[in-house]
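Read off the chains here:
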Amino acid sequence: MNGKVTIYDIAKKLNITAATVSRALNGNQNISEKTRKMVLEAAHEMNYKQNKLALALKSGRSNYIGVIVPRINTNFFGSVIRGLEEELNAKGFNIIITQSHNDEAMEAKNIETLIDSHVDAIFISSSSKSSKALQKVLDAKIPLIFFDRRKMMDNVSSVTIDDFTGGYMATKHLIDTGCRKIAHIVSGPIELEIFRERHRGYQQALEDHHIEYRKEYVLKTNSSIEEGKRAVDILFNLPEKPDAIFSASDFVALGAIQELQARNIKVPEEVSVIGFANEPFTDFLELSITTVDQFPLEMGRTAARVYLNQETNPENKNIQKKVVLEPKLILRKSTR
């Protein structure tokens, strides 16, 4: 048969109405088991595919969930997505994954695409400084759930890590091991809460231990290995060089270590380095990297449970749930 098979083709083959075919395919209880079986067999033989979008428009549900991440090629976001899938797939949902590449315009485009696809909910780790595009999700009556990176919005639930505590414990560990000239590589836009809070934790740890906060020791970069190398180039051209580096990203920490080693600066004997995220490579290197674990798998699972709880309990639909997971410091060879 040429072209896409429709319910009318099945009806013609079986000499019944298209309405009967539609009811049989959608499990209508008024259709006899004999007719339902006959229709399903014919649909299978004719390779009939239901129009999922039409069904979504009719029922108000698509069983598709949209997920927006800055980038998928990190263990952190891959693990979050795995956690989401474990919980949501078990409830019959399928996931559509998009990437913003830390670009606000791309994130807005992803949001528009997912809204147009009639997803039942959108989970997002936002790269936007503005809430304008995110508000469109709420205006479309689609549940919005933040994970990792969030914006302060009404009626939006979130699952995050305590980034302030993570920044504080990383810096305190460096102080406890004798470091006093501690640099901080922000590793992302300071306008985003996660980087702002890690930086605030760094500041507070210095203050609590009576160590001067020095602006020249704080660098704003993107999260990449090359940016870590560039940061070391800047820091080690200062008159007074740091004896420790706290990076808000494992990738930047790795780049920093590579550049330090290229300059024959011993890690951790001369300079300690600590990262953030607990990416797998941090444990597999010969010089393993001390880091802060964000528990991404649990973050994904928890975010999914928050959504499912709201969907299955109508009284919870408009209740904001803010879940904050506790980070954990993972000690390895890159610190004293």
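See the structure printed just above.
Think of each chain on its own: its residues are numbered from 1, step by step along the sequence as written. Thresholds applied to this predicted model are a pLDDT of at least 70 for local features of residues and 80 or more for the giving and counting of side-chain atom pairs; totals over whole chains, interfaces and linings are not thresholded and use all residues. Hydrogens and water are ignored here; the side-chain numbers use all heavy atoms of the structure.

Sorry if this is basic, but what is going on with the overall build of the chain here?
Numbering of helices and strands starts at the N terminus; helices are DSSP runs of H or I of at least 4 residues and strands are runs of E of at least 2. Scanning the chain from N- to C-terminus turns up 13 helices and 12 strands. Based on the C-alpha atoms only, the size of the chain along its principal axes is roughly 90 × 40 × 30 Å. Evaluated residue by residue, the chain yields a buried proportion of 51% over its 336 residues. For accessible areas, the Shrake-Rupley method is used with a probe of radius 1.4 Å. Any residue's cover is judged against the shown protein chains and nothing else. Of the roughly 16600 Å² of accessible surface on the chain, 48% is carried by carbon and sulfur atoms. Between buried and exposed lies partly exposed: a residue is buried under 20% and exposed over 50% of the maximum accessible area for its type, with that area taken using a 1.4 Å probe on protein chains only.

Looking at this structure, how should I read the sheet that holds strand 2 (residues 94-99)?
Picture the strands of a sheet paired through backbone hydrogen bonds; they go either parallel or antiparallel. Strand pairing is defined by DSSP finding a minimum of two bridges between the two strands. In space, the six strands of this open sheet follow the order 2-1-3-4-5-11, with parallel pairing throughout. Of all the strands in the sheet, just strand 2 and strand 11 (322-325) have a single pairing partner and so form its edges. Strand-to-strand twist of the sheet, defined as the mean angle between neighbouring strand axes without regard to direction, takes the value 15°. The sheet contact formed by strand 5 (residues 157-161) and strand 11 spans four bridges and is parallel. Across the sheet, Thr160 pairs through a bridge with Val324, a residue of strand 11. Throughout, a residue-residue contact means that at least one pair of heavy atoms, one from each residue, lies within 4.5 Å. Only C-alpha atoms enter the line fits that serve as axes; for helices the fit covers just the stretch in contact. Angles between N-to-C directions range over 0 to 180 degrees. Contacts from helix 6 (residues 104-116) reach strand 1 (64-69), strand 2 and strand 3 (121-124), with the element oriented near 180° to strand 1.

It is not clear to me how the packing of helix 1 (residues 7-14) against helix 3 (residues 33-45) should be interpreted in this structure. Could you clarify?
Orientation of helix 1 relative to helix 3, taken along the N-to-C sense of each, is 115°, at an axis distance of 10 Å. As for the relative orientation of helix 1 and helix 3, their crossing is right-handed in sense. Of the residues in helix 3, those touching helix 1 at Ile10, Lys13 and Leu14 are Met38, Val39, Ala42, Ala43 and Glu45. Side-chain classes follow a simple rule in which Ala, Val, Leu, Ile, Met, Phe, Trp, Tyr, Cys and Pro form the nonpolar group, Asp, Glu, Lys and Arg form the charged group, and the remainder, Gly included, forms the polar group. Partitioning the contact of helix 1 with helix 3 into residue classes produces six nonpolar, no polar and two charged. Helix crossings are classified by the rotation of the near helix relative to the far one: an anticlockwise turn of less than a right angle makes the crossing left-handed, while a clockwise turn makes it right-handed.

Got a minute to help me understand the nonpolar core in this structure?
As a rule of thumb, soluble globular proteins bury nonpolar side chains together. Among the buried residues, those of types Ala, Val, Leu, Ile, Met, Phe, Trp, Tyr and Cys that are joined through side-chain atoms within 4.5 Å form a nonpolar core. One finds Ile182, Leu235, Phe236, Ile245, Leu260 and Val273 to be the most contacted residues of the largest nonpolar core, which totals 46 residues. Residue assignment for this core shows that the elements contributing at least two residues are helix 8 (163-176), strand 6 (182-185), helix 9 (193-208), strand 7 (218-219), helix 10 (225-235), strand 8 (244-247), helix 11 (250-262) and strand 9 (272-274). Of the residues forming this core, the biggest block, seven residues, is contributed by helix 11. In this structure, Phe236 is in contact with Lys241, Pro242, Ile245, Leu260, Arg263, Ile265 and Val271, ignoring residues within four places of it in sequence.

For this particular structure, what's the right way to read the packing of aromatic side chains?
Two rings from Phe, Tyr or Trp (for Trp, the six-membered ring) form a pair when their centres sit within 6.5 Å of each other. Planes less than 30 degrees apart are called stacked, planes more than 60 degrees apart edge-to-face, and all others tilted. Counting across every chain of the model gives seven aromatic pairs. For the ring pair Phe93 and Tyr307, a centre distance of 5.9 Å and an interplane angle of 70° mean the geometry is edge-to-face. One end of the pair, Phe93, is in the loop between helix 5 (75-89) and strand 2; the other, Tyr307, is in helix 13 (residues 296-312), with 214 residues separating them in the sequence. Linked through ring pairs, Phe93, Phe123 and Tyr307 together constitute an aromatic cluster. Between Arg71 and the ring centre of Phe251, over which it is positioned, the NZ or CZ distance is 4.9 Å. Look at NZ for Lys and CZ for Arg. If either is within 6 Å of the ring centre and within 35 degrees of the ring normal, a charge sits over the ring. The residue whose ring lies beneath Arg198 is Phe276, and the NZ or CZ to ring-centre distance is 3.8 Å.

What is the right way to read the sheet that holds strand 8 from this model?
Overall, parallel pairing links the four strands, which are arranged 7-6-8-9 in an open sheet. Only two strands of the sheet have a single neighbouring strand rather than two, namely strand 7 and strand 9. In terms of strand pairing, strand 8 meets strand 9 through three bridges, oriented parallel. Paired with Ala244 across the bridge in strand 9 is Ser272. Sitting on the sheet, helix 8 is in contact with strand 6, strand 8 and strand 9, with an inclination near 170° to strand 8.

Before we go on, may I ask you to explain the pairing of strand 2 in this structure?
When a strand is regular, its side chains alternate between the sheet's two faces. In this sheet, strand 2 lies alongside strand 1 in parallel orientation, the contact comprising six bridges. In the sheet register, Gly66 faces strand 2, and the bridge partner there is Ile96. For crossovers, right-handed means that the path from the first strand over the helix to the second runs clockwise, given strands pointing away from the viewer. Handedness of the crossover is the feature at issue here: the chain leaves strand 1, passes through helix 5, returns alongside strand 2, and the resulting connection is right-handed.

What should I look at first to understand the side chain of Asp148 in this one?
With respect to the helices and strands, Asp148 occurs in the loop between strand 4 (144-147) and strand 5. Positive charges come from Lys and Arg, negative ones from Asp and Glu, while His and the chain ends are left out of the count. A side-chain nitrogen of Lys or Arg and a carboxyl oxygen of Asp or Glu constitute a salt bridge if their distance falls within 4 Å. Despite its burial, Asp148 remains without a salt bridge, the nearest opposite charge being carried by Arg149 at 4.0 Å. Counting of polar contacts relies on pairs of N or O atoms within 3.5 Å, with two restrictions inside protein: one atom must be capable of donating a hydrogen and the other of accepting it, and residues adjacent in sequence are counted only when both atoms are side-chain atoms. Polar contacts involving the side chain of Asp148 include one to the side chain of Ser125, which spans 3.3 Å. When neighbours within four sequence positions are excluded, Asp148 is seen to be in contact with Phe76, Phe77, Ser125, Val159, Thr160, Ile194, Arg198, Gln294 and Met299.

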